[in-house]
Amino acid sequence: MKKLILLLSLCLCWRVYAQSPVEISFPKENMFALGSYYYPEQWDSSQWERDLKKMSEIGIRFTHFAEFAWGTLEPEEGIYDFEWLDRAVALAGKYGLKVIMCTPSPTPPVWLSKKYPDILIRRDNGVNIQHGRRQHASWSSERYCDFVKNIVTKLAERYGKNPTVIGWQIDNEPGHYGLVDYSENAQQKFRLWLRRKYKTIDQLNATWGNTFWSESYQHFDQIRLPNQQELPEKPNPHAMLDMNRFMADELAGFVNMQADVLHKNISEKQWITTNLIPVFNPVDPVRMDHLDFTTYTRYLVTGHKKGIGKLGFRLGIPEDIGFPNDQFRNFAGKTFGVMELQPGQVNWGVYNPQPMPGAVRMWIYHVFAGGGKFVCNYRFRQPLKGSEQYHYGMVMTDGVTLSPGGEEYRQVAGEMEQLRMAYDPDSEMPEYLAARRIGMLFDMNNYWETDFQKQTDQWNTMSHIHKYYNLLKTFAAPVDIISEKEDFSRYPFLIAPAYQLLDSMLVERWVKYAEQGGHLILTCRTGQKDRNGKLWEAPLAAPVHFLAGIDNLFYDHLPESLQGGVNFGTEKYDWNNWADVITPKKGTEVWATYADQFYKGSASVVHHKLGKGTVTYIGTDTDDGKLEKDVMRRVYEEAKVTVDDLPYGVVKEWRDGFYVALNYTSITQNIAIPSRAKILIGSRVLEPAGVVVWKED
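Residues numbered from 1 in each chain as written. Predicted model: local features only at pLDDT ≥ 70, side-chain atom pairs only at ≥ 80, totals over all residues. Heavy atoms only, no water.

1. Some thoughts on the pattern of salt bridges
A side chain with one charge may pair with a side chain of the opposite charge, provided their charged atoms come close.
Okay, so step 1: On inspection of all chains with the given rule, the structure shows 42 salt bridges.
Okay, so step 2: Note that Arg-50 is salt-bridged to Asp-51, the shortest N-O span being 3.1 Å.
Okay, so step 3: As a salt-bridge pair, Glu-417 and Arg-420 come within 2.9 Å of each other at their nearest N and O atoms. With Glu-417 and Arg-420 both in helix H13 (residues 404-421), this residue pair falls three residues apart, about one helical turn. (Salt bridge = Lys/Arg side-chain N within 4 Å of Asp/Glu carboxyl O. Helix = DSSP H or I, 4+ residues; strand = E, 2+ residues; numbered from the N terminus.)

So this is what it looks like as structure tokens:
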């Protein structure tokens, strides 16, 4: 009996030890948690307890401290004050709130900016950014990195074993908000980066094509970061590609450096993340590989997008949450959360409308449906002073009255209790959904290169990618946005939209994928260049010709005022953005042809059987996406896989045995839910911003 007890104890200990810090903080059976930002340093300390108690009472499970507090933590160089933060952490713990502790690197204190001005970034016009706001210090400054290491170490030593602190966020939306740093620190680091990559100046000149226009350099010290303000026209495209890669490496290095400092000082039960703005220069999450997982920031109603229908400006568009859900789920740790979600009206948009009642709740459920561990809203209290006075929080300006978004968080917290009661840990994705599963290849290098060399002002790389993403979501197909690091064989279908940069190794992997039974879809512009942005010394897109059953192709554009035609089946479709005009190999099926222009009758879409699988090449980019959707539907039909036919804006996802449907459209939608299903939340009839959750036996 004693041996049995010992064995059981050992098994239990192993199980606890084997849990990752993320699993400890967010147990699978809890499914989902809600959090909220709080800034104790910005409020009278007499109000902290009231606020944190209120936060706990409405169902918030964790809060978020200190990412903008460096000036309060270290008011003078080498002089520290942690007493206030100790008290705030203790109060959070008192009311059952866990804490995400943040590194304060986005906001250096004034003494640091003034005493060491070389830490500041420089704009493209040569003006140094001054102290104030945020994200104004250079990642390329060794001095700045040393100060960051110091304050992060101090924080980690103090809170790295605190049981109330469950994890750490590095920085806040790192990325300089799209500004390129032209400081001397960055210039010198860029030259070192180039020297490491190319070894010799001759190799750099050859790769960049610098004999053209007599751009050749004699040594690395002559090179500067490409800057439109210093040039009569667009910079060298190869230099631009390398600059984007350099900046992404600098940012990733800055984040990874802080992660390394934390890992040396914190408990194994605490995790490390950062919150990123998705698809935003120079952010490349794939490079941030020292994190336990990655989170993102999202604001959907800011006047920037019209949305779907007359109410769309109050609802947002589904891909703004869906795409990063399906992307961030596949980064470090294979899990994600949303660290910063709009709680209501904001202050910085083109105009700042009130979100549709229910929209905040819908967004939260969208993250849940996509497999997220949590949503944390920015912020708990609406500020009374500073730059974000008109930015809603969970509570209004009186500090106690819940905002509409706060009420919706409270509602979700209660509904999650209902869903936990119905949770089945052994649930598996239904076979019919698993059969639809598709991997979508996305790489920031392609985004940088293709968006810089658009070739037509009608081209937009993310619009092209989102078009395919959205049509797949109308099929209710499970989508993973993946990098080349992933195993393609896990997916019955694989799509690479406008994947312009590639090499022979990737093509060989695609060939193997198709030969073994996968269904590969390529779209226009794919394979035109090598990894350095050089056109092949061969026919255009030559590396994918065998793969797609192509003999040759060229591309064409039309004026914005002119529409060309494409015939597919019995239907005719309009295009004017981009057309790859294809000469197929013998035996390749031609699915669609051009209806006019001098290449009338030439192939627009081809389909090629390769081994046990297929390759489909869609050469035309349209505005409305109808052609692309019908072609993709046929790809699934040919593979004998059924799909749904949802309107754009109706989202249907499966997660942990639950089906979730959401309505981003401006009209009432009827959701097809089997009569045998058990509806847990909502109903089959979805008003705009509506949510329904159900289970099927």
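The rest of the description comes next.
2. Focus: the packing of helix H7 (residues 142-159) against helix H10 (residues 237-265)
Geometrically, a packed helix pair is captured by the angle between its two axes and the distance between the axes.
Okay, so step 1: Orientation of H7 relative to H10, taken along the N-to-C sense of each, is 30 degrees, at an axis distance of 9 Å. As the angle between them shows, H7 and H10 are arranged roughly parallel. In this structure, the crossing between H7 and H10 has a hand that is right-handed. Facing Tyr-144, Cys-145, Val-148, Lys-149, Val-152, Thr-153, Ala-156 and Glu-157 of H7, the residues of H10 in contact are Phe-254, Met-257, Gln-258, Val-261, Leu-262 and Asn-265.
Okay, so step 2: Across the contact of H7 with H10, the residue classes tally to nine nonpolar, three polar and two charged. (Axes fitted to C-alpha atoms, helices over the stretch in contact; angles between N-to-C directions. Parallel < 35°, antiparallel > 145°, perpendicular 65-115°, else oblique. Left-handed = near helix turned anticlockwise from the far one by under 90°. Contact = heavy atoms within 4.5 Å. Nonpolar A, V, L, I, M, F, W, Y, C, P; charged D, E, K, R; others polar.)

3. Observations concerning the sheet that holds strand E24 (residues 678-681)
Okay, so step 1: Ordered by their spatial adjacency, four strands build an open sheet running E21-E22-E26-E24, and the pairing between neighbours is antiparallel. Of all strands in the sheet, those bounded by a partner on one side alone are strand E21 (650-655) and E24. For this sheet the average axis-to-axis angle between neighbouring strands, irrespective of direction, equals 25 degrees.
Okay, so step 2: Relative to strand E26 (residues 691-695), E24 runs antiparallel, the two sharing three bridges. Bridge pairing links Ile-681 to Val-693 in E26.
Okay, so step 3: Helix H12 (residues 359-369) rests against E21, strand E22 (658-663), E24 and E26 of the sheet, and its axis sits at about 145 degrees to E22. (Pairing = 2+ DSSP bridges.)

4. Some points on the layout of surface pockets
Okay, so step 1: In this structure, the second largest pocket encloses a volume near 900 Å³.
Okay, so step 2: Arg-329, Gly-370, Gly-371, Arg-655 and Asp-656 are the residues nearest the centre of the second largest pocket, which is lined by 33 residues in total.
Okay, so step 3: Listing elements by their share of the lining of the second largest pocket, those giving two or more residues are helix H14 (431-434), strand E10 (479-482) and E21.
Okay, so step 4: If one sorts the elements of the lining of the second largest pocket by residue count, E21 sits on top with four residues. (1 Å grid on protein atoms, 1.4 Å probe; cavity = no way out; pocket = protein on both sides within 12 Å on 5 of 7 lines; lining within 4 Å. Points joined across faces, edges and corners; volume = space filled by probe spheres on them.)

5. Notes on H7
Okay, so step 1: Compared with the 26 Å implied by 1.5 Å per residue over 18 residues, the 25 Å span of H7 between its first and last C-alpha is a close match.
Okay, so step 2: Taken as a whole, H7 has its buried residues at Tyr-144, Cys-145, Phe-147, Val-148, Ile-151, Val-152, Leu-155, Ala-156 and Tyr-159. One face of H7 carries all of its buried residues, which in axial projection span an arc of 165 degrees.
Okay, so step 3: The secondary structure elements touched by the buried residues of H7 are helix H4 (70-73), helix H5 (83-94), strand E3 (98-102), helix H6 (110-115), strand E4 (165-170) and H10. (Expected span 1.5 Å × (residues − 1). Buried < 20%, exposed > 50% of the residue type's maximum accessible area, 1.4 Å probe, protein only. Arc of directions from axis to C-beta.)

6. Some points on the UniProt feature "active site" (unreviewed entry) in the protein chain
Okay, so step 1: The feature "active site" (unreviewed entry), as given by UniProt, occupies Glu-173 and Glu-340 in the numbering adopted here. Despite a sequence span of 168 residues, these residues sit close together in the fold, their greatest C-alpha distance being 9.4 Å.
Okay, so step 2: Mapped onto the secondary structure, Glu-173 falls in the loop between E4 and helix H8 (184-198).
Okay, so step 3: Taking relative accessible area as the criterion, Glu-173 reaches 5% and is therefore assigned buried.
Okay, so step 4: Apart from the residues within four sequence positions on either side, Glu-173 is in contact with Arg-134, Gln-135, Asn-275, Ile-277, Thr-297, Tyr-299 and Glu-340.
Okay, so step 5: Mapped onto the secondary structure, Glu-340 falls in strand E7 (residues 336-341). (UniProt positions renumbered as here; feature names shortened; annotations may be inferred.)

7. Concerning the sheet that holds strand E6 (residues 294-298)
Okay, so step 1: Taken in spatial order, the eight strands of this closed barrel run E1-E2-E3-E4-E5-E6-E7-E8, and their pairing is parallel. When the angles between neighbouring strand axes are averaged without regard to direction, this sheet yields 25 degrees.
Okay, so step 2: Relative to E3, strand E2 (residues 62-65) runs parallel, the two sharing four bridges. Across the sheet, residue Phe-65 finds its bridge partner in E3, namely Met-101.
Okay, so step 3: Here H7 sits on the sheet and contacts E3 and E4; the angle it forms with E4, its principal contact strand, is near 170 degrees.

8. Some remarks on the nonpolar core
Okay, so step 1: If you look at the biggest cluster of nonpolar residues, it comprises 99 residues, and the most contacted ones within it are Phe-65, Leu-85, Met-101, Trp-363 and Tyr-365.
Okay, so step 2: Ranked by size, the runner-up nonpolar core spans 44 residues in total, among them Leu-241, Leu-558, Tyr-594 and Leu-627. (Core = buried A, V, L, I, M, F, W, Y, C linked by side-chain atoms within 4.5 Å.)

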